[in-house]
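In case you want the letters, here they are:
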Amino acid sequence: MKEVEPVTSGSTPVVELRNLHKSFGDLEVLKGISFIAREGEVISLIGSSGSGKSTLLRCINMLEVPNQGDVLIDGEAIVLKGDAHHRQIGDEGQIRRIRSELGMVFQSFNLWAHMTVLENVMEAPLIVQKRNRAEVEAEARAMLDKVGIGSKADAYPSQLSGGQQQRAAIARALCINPRVMLFDEPTSALDPELEQEVLRVIKLLADEGRTMILVTHDMDFARSVSDRVIFLHQGLIEEEGTPDEVFGATRSGRLKQFLNAANHG
């Protein structure tokens, strides 16, 4: 497990979720989730398919609007209006600003096919953050070097392997200088060899002390990279703690069952 600077209990969390509920029609996916992520903390969300992990992650940057509860970024509550299924974003200017501080990496790479890798990485800082082109290009090339594909800057996504495309997506998310990185099963579309390329990059970012929340199916990786692990079951936090507590001193029978299945999968 990585070494992190101790965080004072009084510091404002980078991300705070308070009593989050989310339903799709009659299906209640999140049933009251609360947790915080502090500066430099890496949190892994684990659980079986349908437990609410990806929905929870998507609620943080309001790709899904929760029906109840609050999301705070650096202590600032995201403004929502309406109730239950009619709830919606209340301040478009605020959400654009907050999203510009949240780097999101999806299962699918979501790269623009008509743009080079470099252009993909530069897009958000130029268009959304309206930063200087020369400065952005230098930073984008540095980020591509960091994730190990600097030589592919002028290639198009179709010319890259899946692992290279996902590393380009990570570089793109990093180039906005996010306060927190969100990863939604970033290796689920990759074969095992390419998966390791991407996991190495995420481990590097964790070792740098970046604040990260990631949904992963890889228990060994969650154990090695996380400060805290949260096990979701049927839309609730069933168990959470350090990797040693969650994997080595499991209290929940449901979690034991899940880990046993994961180890024999």
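Our structure's up above, just so we're on the same page.
Since we're looking at a predicted model, the values are computed, not measured.

Procedures and definitions
Residues numbered from 1 in each chain as written. Predicted model: local features only at pLDDT ≥ 70, side-chain atom pairs only at ≥ 80, totals over all residues. Heavy atoms only, no water. Salt bridge = Lys/Arg side-chain N within 4 Å of Asp/Glu carboxyl O. Helix = DSSP H or I, 4+ residues; strand = E, 2+ residues; numbered from the N terminus. Buried < 20%, exposed > 50% of the residue type's maximum accessible area, 1.4 Å probe, protein only. Phe/Tyr/Trp six-rings, centres within 6.5 Å; stacked < 30°, edge-to-face > 60°. Pairing = 2+ DSSP bridges. Contact = heavy atoms within 4.5 Å. Axes fitted to C-alpha atoms, helices over the stretch in contact; angles between N-to-C directions. Arc of directions from axis to C-beta. Polar contact = N/O pair within 3.5 Å; in protein donor to acceptor, adjacent residues only side chain to side chain.

## What to know about the pattern of salt bridges
Phase 1 of the analysis: Applying the stated rule across the entire model yields 16 salt bridges.
Phase 2 of the analysis: Here Arg141 and Glu137 are joined by a salt bridge, their closest N and O atoms 3.1 Å apart. With Arg141 and Glu137 both in helix H4 (residues 133-146) and 4 residues apart, this pair spans about one turn of that helix.
Phase 3 of the analysis: Since its relative accessible area comes to 27%, Glu137 is described here as partly exposed.
Phase 4 of the analysis: Between Arg254 and Glu238 there is a salt bridge whose closest N-O contact spans 3.2 Å. Of this pair, Arg254 sits in helix H9 (residues 253-263) while Glu238 is found in strand E12 (residues 236-241), placing the two residues 16 residues apart along the sequence.
Phase 5 of the analysis: By relative accessible area, which is 29% here, Glu238 ends up partly exposed.
Phase 6 of the analysis: A cluster of three or more residues bridged by salt bridges with shared partners is formed by Glu39, Asp74 and Arg179.

## Remarks on the packing of aromatic side chains
Phase 1 of the analysis: Per the stated rule, a full pass over the model turns up 1 aromatic pair.
Phase 2 of the analysis: Between the aromatic rings of Phe231 and Phe258, the centroid separation amounts to 5.3 Å while the plane-to-plane angle is 35°, which identifies the pairing as tilted. With Phe231 in strand E11 (residues 228-233) and Phe258 in helix H9, the pair connects residues that are 27 residues apart, well separated along the chain. We note that Phe231, like Phe258, is buried.

## What to know about the sheet that holds strand E5 (residues 76-77)
Phase 1 of the analysis: With antiparallel pairing, 4 strands are arranged side by side in an open sheet as E2-E1-E4-E5. Among the strands making up the open sheet, the edge pair consists of strand E2 (27-37) and E5.
Phase 2 of the analysis: The pairing of strand E1 (residues 15-24) with strand E4 (residues 68-73) spans 5 bridges and is antiparallel. From the neighbouring strand, His21 faces E4, where its bridge partner is Gln68.
Phase 3 of the analysis: Relative to the sheet, helix H1 (residues 53-60) contacts E1, E2 and E4, its axis offset from that of E1 by approximately 120°.

## Structural notes on helix H2 (residues 92-99)
Phase 1 of the analysis: Every buried residue of H2 is listed here: Gln94, Ile95 and Ile98. Projected onto a plane normal to the axis of H2, the buried residues spread over an arc of 95° and lie on a single side.
Phase 2 of the analysis: Considering only its buried residues, H2 is in contact with E4, E5, strand E7 (88-89) and strand E8 (102-105).
Phase 3 of the analysis: The N-capping residue of H2, defined by a side-chain oxygen 3.1 Å from the backbone nitrogen of Gly93, is Asp91.

## A short note on the environment of Thr211
Phase 1 of the analysis: Looking at where Thr211 falls in the secondary structure, it is placed in the loop between helix H6 (192-207) and strand E10 (212-215).
Phase 2 of the analysis: Once the C-alpha coordinates of Thr211 and Arg254 are considered, the two residues, 43 residues apart in sequence, prove to be 28 Å apart.
Phase 3 of the analysis: Residues within four places of Thr211 in sequence aside, it is in contact with Val14, Arg38, Glu39, Gly40, Glu41, Arg179, Val180 and Met181.
Phase 4 of the analysis: Among the polar contacts made by the side chain of Thr211, one reaches the main-chain amide nitrogen of Gly40 at a distance of 2.8 Å.

## As for unusual backbone geometry
Phase 1 of the analysis: The backbone of Asp74 sits at a positive phi, close to 50°, despite the residue not being glycine.
Phase 2 of the analysis: By the secondary structure assignment, Asp74 is in the loop between E4 and E5.
Phase 3 of the analysis: Relative accessible area serves as the criterion here: at 33%, Asp74 is assigned to the partly exposed category.
Phase 4 of the analysis: The phi torsion at Asn110 lies on the positive side, around 55°, for a residue other than glycine.
Phase 5 of the analysis: Relative to the helices and strands, Asn110 resides in the loop between E8 and helix H3 (117-127).

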